[in-house]
Amino acid sequence: MEADIFEYHKEEDTVDIESFQGEKQKLIQPTSLKDPKLEKLKEALVYWINSTLKSEHIVVQSLEEDLYDGLVLHHLLSRLAGVHLSVEEIALTSTAQIHKLEVVLEELDKRLGLQDSSPIKWNVKLIHNKDLLATIHLLVAMVRCFQPELDLPPDVKVEVVVVEVSKSGIKSDVQIEVLTEERHAGSDSLSNTEREDPIEQLLKLEAHKVNTVKKAILHFVNQNMSAMGLQVADMDKQFADGVILLLLIGQLEGFFVPLHDFNLTPVNSSEMLHNVTLALDLLNDTGLQVSSIDPQDIVSQDVTATLKVLYALFKKHKGK
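Reading the values: rules and limits
- Residues numbered from 1 in each chain as written.
- Predicted model: local features only at pLDDT ≥ 70, side-chain atom pairs only at ≥ 80, totals over all residues.
- Heavy atoms only, no water.
- Core = buried A, V, L, I, M, F, W, Y, C linked by side-chain atoms within 4.5 Å.
- Buried < 20%, exposed > 50% of the residue type's maximum accessible area, 1.4 Å probe, protein only.
- Helix = DSSP H or I, 4+ residues; strand = E, 2+ residues; numbered from the N terminus.
- Phe/Tyr/Trp six-rings, centres within 6.5 Å; stacked < 30°, edge-to-face > 60°.
- Lys NZ or Arg CZ within 6 Å of the ring centre and 35° of its normal.

A.B. asks: Help me out: how do you make sense of the nonpolar core in this one?
C.D. replies: Within soluble globular proteins, side chains that are nonpolar generally end up buried alongside one another. With 44 residues, the main nonpolar core has Ile-49, Leu-73, Leu-139 and Met-142 as its most contacted residues. Of all the elements, helix H8 (residues 132–146) adds the most residues to this core, at nine residues.

Structure below.
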(Lines give C-alpha, C1' and ligand atoms only; values in the text may rest on other atoms or scores of the structure.)
Protein backbone atom coordinates (compact mmCIF):
# COMPACT_ATOMS: atom_id res chain seq x y z
CA MET A 1 0.00 0.00 0.00
CA GLU A 2 2.76 2.48 0.91
CA ALA A 3 4.52 1.72 -2.37
CA ASP A 4 1.29 2.44 -4.28
CA ILE A 5 0.83 5.76 -2.51
CA PHE A 6 4.43 6.71 -3.21
CA GLU A 7 4.04 5.88 -6.89
CA TYR A 8 0.81 7.90 -7.04
CA HIS A 9 2.42 11.04 -5.62
CA LYS A 10 5.47 10.48 -7.76
CA GLU A 11 3.27 10.47 -10.85
CA GLU A 12 1.30 13.53 -9.69
CA ASP A 13 4.48 15.51 -9.05
CA THR A 14 5.86 14.88 -12.53
CA VAL A 15 5.64 18.05 -14.61
CA ASP A 16 5.66 18.15 -18.40
CA ILE A 17 7.74 21.26 -18.98
CA GLU A 18 6.83 21.56 -22.66
CA SER A 19 3.11 21.72 -21.89
CA PHE A 20 3.66 24.86 -19.82
CA GLN A 21 5.82 26.76 -22.34
CA GLY A 22 4.61 30.33 -22.76
CA GLU A 23 2.41 30.13 -19.65
CA LYS A 24 2.78 31.71 -16.25
CA GLN A 25 2.05 29.57 -13.23
CA LYS A 26 1.41 30.87 -9.74
CA LEU A 27 2.31 28.62 -6.84
CA ILE A 28 1.51 29.52 -3.25
CA GLN A 29 4.60 29.49 -1.06
CA PRO A 30 4.53 26.74 1.60
CA THR A 31 4.85 29.33 4.38
CA SER A 32 1.73 31.14 3.14
CA LEU A 33 -0.24 27.88 3.07
CA LYS A 34 0.12 27.79 6.86
CA ASP A 35 -1.01 31.40 7.34
CA PRO A 36 -3.92 31.49 9.87
CA LYS A 37 -5.68 34.15 7.77
CA LEU A 38 -5.69 31.86 4.73
CA GLU A 39 -6.96 28.97 6.86
CA LYS A 40 -9.82 31.13 8.17
CA LEU A 41 -10.75 32.19 4.63
CA LYS A 42 -10.77 28.56 3.46
CA GLU A 43 -12.94 27.57 6.44
CA ALA A 44 -15.35 30.46 5.76
CA LEU A 45 -15.70 29.44 2.10
CA VAL A 46 -16.27 25.78 2.98
CA TYR A 47 -18.91 26.78 5.52
CA TRP A 48 -20.59 29.05 2.95
CA ILE A 49 -20.70 26.29 0.33
CA ASN A 50 -22.07 23.72 2.78
CA SER A 51 -24.70 26.13 4.12
CA THR A 52 -25.80 27.07 0.61
CA LEU A 53 -26.05 23.45 -0.55
CA LYS A 54 -27.34 21.95 2.70
CA SER A 55 -30.75 21.10 1.25
CA GLU A 56 -29.06 19.19 -1.58
CA HIS A 57 -27.03 17.12 0.87
CA ILE A 58 -23.73 18.17 -0.69
CA VAL A 59 -20.86 18.43 1.78
CA VAL A 60 -17.49 19.93 0.87
CA GLN A 61 -14.46 19.19 3.03
CA SER A 62 -11.60 20.44 0.87
CA LEU A 63 -11.53 23.32 -1.63
CA GLU A 64 -8.68 21.64 -3.48
CA GLU A 65 -10.26 18.20 -3.77
CA ASP A 66 -14.01 18.78 -3.98
CA LEU A 67 -14.52 21.43 -6.68
CA TYR A 68 -12.39 20.30 -9.62
CA ASP A 69 -15.06 18.17 -11.35
CA GLY A 70 -17.66 20.96 -11.67
CA LEU A 71 -20.41 19.33 -9.59
CA VAL A 72 -20.27 21.75 -6.65
CA LEU A 73 -19.85 24.83 -8.86
CA HIS A 74 -22.80 23.67 -10.97
CA HIS A 75 -25.03 23.36 -7.90
CA LEU A 76 -23.87 26.72 -6.49
CA LEU A 77 -24.70 28.42 -9.78
CA SER A 78 -28.12 26.79 -9.83
CA ARG A 79 -28.86 27.68 -6.20
CA LEU A 80 -27.52 31.26 -6.20
CA ALA A 81 -28.48 32.43 -9.68
CA GLY A 82 -31.36 30.11 -10.54
CA VAL A 83 -29.49 28.89 -13.63
CA HIS A 84 -30.08 25.34 -14.86
CA LEU A 85 -27.54 24.11 -17.39
CA SER A 86 -27.79 21.09 -19.66
CA VAL A 87 -24.81 19.19 -18.31
CA GLU A 88 -24.52 15.73 -16.83
CA GLU A 89 -24.94 15.62 -13.06
CA ILE A 90 -21.86 13.53 -12.32
CA ALA A 91 -18.89 13.70 -14.69
CA LEU A 92 -16.64 10.70 -14.13
CA THR A 93 -14.02 11.03 -16.85
CA SER A 94 -11.52 13.86 -17.14
CA THR A 95 -12.94 14.82 -20.55
CA ALA A 96 -16.47 15.01 -19.17
CA GLN A 97 -15.31 17.04 -16.15
CA ILE A 98 -13.48 19.56 -18.35
CA HIS A 99 -16.53 19.92 -20.61
CA LYS A 100 -18.77 20.48 -17.60
CA LEU A 101 -16.39 23.08 -16.18
CA GLU A 102 -16.29 24.88 -19.55
CA VAL A 103 -20.08 25.22 -19.57
CA VAL A 104 -20.36 26.18 -15.90
CA LEU A 105 -17.48 28.69 -15.91
CA GLU A 106 -18.70 30.34 -19.12
CA GLU A 107 -22.06 31.01 -17.46
CA LEU A 108 -20.45 32.00 -14.16
CA ASP A 109 -18.13 34.50 -15.84
CA LYS A 110 -21.17 36.14 -17.46
CA ARG A 111 -23.00 36.31 -14.13
CA LEU A 112 -19.93 37.77 -12.44
CA GLY A 113 -19.84 40.52 -15.06
CA LEU A 114 -16.51 39.49 -16.53
CA GLN A 115 -15.75 40.47 -20.12
CA ASP A 116 -13.31 38.87 -22.55
CA SER A 117 -10.83 41.65 -21.78
CA SER A 118 -11.15 41.27 -18.00
CA PRO A 119 -8.15 39.85 -16.13
CA ILE A 120 -9.61 36.56 -14.90
CA LYS A 121 -7.71 34.76 -12.14
CA TRP A 122 -9.18 31.33 -12.86
CA ASN A 123 -9.89 29.13 -15.86
CA VAL A 124 -11.03 25.60 -16.65
CA LYS A 125 -7.52 24.18 -16.61
CA LEU A 126 -6.62 25.69 -13.25
CA ILE A 127 -9.83 24.61 -11.53
CA HIS A 128 -9.61 21.09 -12.96
CA ASN A 129 -5.98 20.88 -11.85
CA LYS A 130 -7.11 21.62 -8.28
CA ASP A 131 -5.31 24.96 -8.19
CA LEU A 132 -6.09 26.38 -4.74
CA LEU A 133 -5.29 29.98 -5.67
CA ALA A 134 -7.63 30.00 -8.67
CA THR A 135 -10.37 28.17 -6.77
CA ILE A 136 -10.30 30.70 -3.90
CA HIS A 137 -10.34 33.65 -6.32
CA LEU A 138 -13.41 32.20 -8.04
CA LEU A 139 -15.28 31.49 -4.80
CA VAL A 140 -14.53 34.94 -3.36
CA ALA A 141 -15.84 36.52 -6.58
CA MET A 142 -19.01 34.43 -6.29
CA VAL A 143 -19.58 35.52 -2.69
CA ARG A 144 -19.03 39.18 -3.60
CA CYS A 145 -21.52 38.88 -6.47
CA PHE A 146 -24.29 36.70 -5.05
CA GLN A 147 -24.07 37.31 -1.29
CA PRO A 148 -22.15 40.55 -0.70
CA GLU A 149 -23.48 40.75 2.85
CA LEU A 150 -21.41 37.70 3.79
CA ASP A 151 -18.47 38.72 5.96
CA LEU A 152 -15.34 37.01 4.64
CA PRO A 153 -12.05 37.39 6.54
CA PRO A 154 -10.49 40.65 5.29
CA ASP A 155 -6.92 41.42 4.20
CA VAL A 156 -5.94 37.88 3.23
CA LYS A 157 -2.76 37.85 1.16
CA VAL A 158 -0.43 35.06 0.10
CA GLU A 159 3.09 34.99 -1.22
CA VAL A 160 3.26 33.28 -4.60
CA VAL A 161 6.04 32.21 -6.91
CA VAL A 162 5.28 33.15 -10.50
CA VAL A 163 6.98 30.67 -12.82
CA GLU A 164 7.28 31.34 -16.55
CA VAL A 165 8.57 28.63 -18.85
CA SER A 166 10.07 29.49 -22.22
CA LYS A 167 12.47 27.88 -24.68
CA SER A 168 15.28 29.89 -23.15
CA GLY A 169 14.62 28.54 -19.68
CA ILE A 170 12.54 29.06 -16.55
CA LYS A 171 12.05 32.46 -14.94
CA SER A 172 10.55 32.90 -11.50
CA ASP A 173 9.46 35.84 -9.41
CA VAL A 174 7.95 36.21 -5.95
CA GLN A 175 4.79 38.32 -5.66
CA ILE A 176 2.06 39.09 -3.15
CA GLU A 177 -1.42 37.96 -4.24
CA VAL A 178 -4.46 39.62 -2.63
CA LEU A 179 -7.37 37.24 -1.97
CA THR A 180 -9.60 39.60 0.04
CA GLU A 181 -9.24 43.34 0.39
CA GLU A 182 -8.32 45.03 3.64
CA ARG A 183 -10.90 47.16 5.38
CA HIS A 184 -10.71 50.84 4.61
CA ALA A 185 -9.05 53.09 7.14
CA GLY A 186 -11.50 54.33 9.73
CA SER A 187 -14.01 51.59 9.09
CA ASP A 188 -12.67 49.42 11.89
CA SER A 189 -14.55 51.59 14.35
CA LEU A 190 -17.76 50.45 12.68
CA SER A 191 -19.18 47.00 13.18
CA ASN A 192 -19.50 44.71 10.15
CA THR A 193 -23.28 44.74 10.48
CA GLU A 194 -23.38 48.52 10.61
CA ARG A 195 -21.34 48.79 7.42
CA GLU A 196 -23.13 46.08 5.51
CA ASP A 197 -26.68 45.68 6.81
CA PRO A 198 -29.08 48.18 5.23
CA ILE A 199 -31.70 47.65 7.95
CA GLU A 200 -29.28 48.65 10.70
CA GLN A 201 -28.51 51.79 8.69
CA LEU A 202 -32.20 52.43 7.95
CA LEU A 203 -33.23 52.39 11.60
CA LYS A 204 -30.78 55.22 12.30
CA LEU A 205 -32.63 57.52 9.89
CA GLU A 206 -35.63 59.75 10.47
CA ALA A 207 -38.89 58.03 11.45
CA HIS A 208 -40.71 58.94 8.24
CA LYS A 209 -38.00 57.28 6.12
CA VAL A 210 -38.20 54.12 8.24
CA ASN A 211 -41.98 54.08 7.85
CA THR A 212 -41.72 54.49 4.07
CA VAL A 213 -39.56 51.38 3.79
CA LYS A 214 -41.75 49.44 6.22
CA LYS A 215 -44.84 50.31 4.14
CA ALA A 216 -43.11 49.06 0.97
CA ILE A 217 -42.20 45.77 2.64
CA LEU A 218 -45.70 45.45 4.15
CA HIS A 219 -47.25 45.98 0.71
CA PHE A 220 -44.97 43.30 -0.70
CA VAL A 221 -45.96 40.87 2.09
CA ASN A 222 -49.69 41.44 1.66
CA GLN A 223 -49.43 41.12 -2.11
CA ASN A 224 -48.06 37.62 -1.65
CA MET A 225 -50.32 36.61 1.26
CA SER A 226 -53.56 37.72 -0.41
CA ALA A 227 -53.81 34.45 -2.33
CA MET A 228 -54.22 32.68 1.03
CA GLY A 229 -56.74 35.18 2.31
CA LEU A 230 -54.30 36.58 4.88
CA GLN A 231 -53.29 40.14 5.59
CA VAL A 232 -50.66 41.68 7.85
CA ALA A 233 -51.51 44.94 9.57
CA ASP A 234 -48.87 45.05 12.31
CA MET A 235 -45.47 43.98 10.97
CA ASP A 236 -43.82 44.29 14.37
CA LYS A 237 -46.12 41.78 16.08
CA GLN A 238 -47.74 39.45 13.56
CA PHE A 239 -44.52 37.64 12.64
CA ALA A 240 -43.62 36.84 16.26
CA ASP A 241 -45.27 33.40 16.31
CA GLY A 242 -43.63 32.33 13.02
CA VAL A 243 -46.86 31.17 11.33
CA ILE A 244 -47.22 33.94 8.73
CA LEU A 245 -43.45 33.94 8.20
CA LEU A 246 -43.51 30.22 7.36
CA LEU A 247 -46.48 30.63 5.01
CA LEU A 248 -44.82 33.62 3.32
CA ILE A 249 -41.56 31.71 2.77
CA GLY A 250 -43.46 28.78 1.30
CA GLN A 251 -45.43 31.08 -0.98
CA LEU A 252 -42.35 32.94 -2.24
CA GLU A 253 -40.08 29.92 -2.60
CA GLY A 254 -42.77 27.76 -4.16
CA PHE A 255 -43.09 24.93 -1.66
CA PHE A 256 -45.61 23.78 0.92
CA VAL A 257 -44.56 23.52 4.55
CA PRO A 258 -46.36 20.44 5.98
CA LEU A 259 -48.72 21.43 8.78
CA HIS A 260 -47.31 18.71 11.05
CA ASP A 261 -43.88 20.40 10.86
CA PHE A 262 -44.98 23.52 12.71
CA ASN A 263 -47.60 24.83 15.14
CA LEU A 264 -50.40 26.49 13.18
CA THR A 265 -51.89 27.97 16.37
CA PRO A 266 -48.99 28.31 18.82
CA VAL A 267 -50.08 28.85 22.40
CA ASN A 268 -46.75 29.53 24.11
CA SER A 269 -43.31 30.98 23.43
CA SER A 270 -41.78 27.52 23.02
CA GLU A 271 -44.07 26.70 20.09
CA MET A 272 -43.46 30.15 18.62
CA LEU A 273 -39.71 29.64 18.89
CA HIS A 274 -40.03 26.30 17.12
CA ASN A 275 -41.88 27.97 14.23
CA VAL A 276 -39.42 30.84 13.83
CA THR A 277 -36.40 28.55 14.07
CA LEU A 278 -37.88 26.37 11.33
CA ALA A 279 -38.48 29.47 9.19
CA LEU A 280 -34.87 30.62 9.49
CA ASP A 281 -33.62 27.11 8.75
CA LEU A 282 -35.74 27.08 5.58
CA LEU A 283 -34.29 30.42 4.53
CA ASN A 284 -30.80 29.04 5.02
CA ASP A 285 -31.70 25.93 3.00
CA THR A 286 -32.86 28.08 0.09
CA GLY A 287 -29.53 29.89 0.05
CA LEU A 288 -30.92 33.07 1.61
CA GLN A 289 -28.67 33.58 4.61
CA VAL A 290 -29.81 36.17 7.11
CA SER A 291 -26.85 37.21 9.19
CA SER A 292 -26.90 37.35 12.97
CA ILE A 293 -30.62 36.68 13.46
CA ASP A 294 -31.58 34.94 16.67
CA PRO A 295 -35.03 33.29 16.43
CA GLN A 296 -35.76 34.46 19.96
CA ASP A 297 -35.41 38.08 18.81
CA ILE A 298 -38.29 37.66 16.36
CA VAL A 299 -40.42 35.91 19.01
CA SER A 300 -39.66 38.85 21.30
CA GLN A 301 -40.96 41.22 18.59
CA ASP A 302 -37.55 42.78 17.96
CA VAL A 303 -38.20 45.19 15.08
CA THR A 304 -34.67 45.03 13.69
CA ALA A 305 -34.60 41.22 13.54
CA THR A 306 -38.03 41.02 11.91
CA LEU A 307 -37.19 43.67 9.33
CA LYS A 308 -33.91 41.97 8.42
CA VAL A 309 -35.71 38.75 7.53
CA LEU A 310 -38.51 40.46 5.62
CA TYR A 311 -36.11 42.75 3.78
CA ALA A 312 -34.01 39.76 2.68
CA LEU A 313 -37.15 38.14 1.22
CA PHE A 314 -38.26 41.45 -0.30
CA LYS A 315 -34.87 42.01 -1.96
CA LYS A 316 -34.82 38.51 -3.46
CA HIS A 317 -38.40 38.33 -4.71
CA LYS A 318 -39.60 41.90 -5.31
CA GLY A 319 -39.05 41.77 -9.07
CA LYS A 320 -40.58 38.34 -9.63
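A.B. asks: Any chance you could explain the packing of aromatic side chains here in plain terms?
C.D. replies: Here a ring pair, both rings aromatic, is described through the centre-centre distance and the interplanar angle of the planes. Applying the stated criterion across every chain yields a total of two aromatic pairs. Both rings, one in Phe-220 and one in Phe-314, keep their centres 5.3 Å apart while their planes meet at 80°; by these two values the pair is edge-to-face. Within this pair, whereas Phe-220 is found in helix H11 (residues 207–225), its partner Phe-314 is found in helix H16 (residues 303–317), the two being separated by 94 residues in sequence. Comparing Phe-220 with Phe-314, the two get one shared label, buried. Seen from their ring centres, Tyr-311 and Phe-314 are 6.4 Å apart, and the 40° between their planes marks the pair as tilted. With Tyr-311 and Phe-314 both in helix H16 and three residues apart, the pair spans about one turn of that helix. Of the residues examined, Tyr-311 reaches a relative accessible area of 23% and is grouped as partly exposed. Across the ring face of Tyr-68, the terminal group of Lys-130 is positioned such that the distance to the ring centre comes to 4.6 Å.

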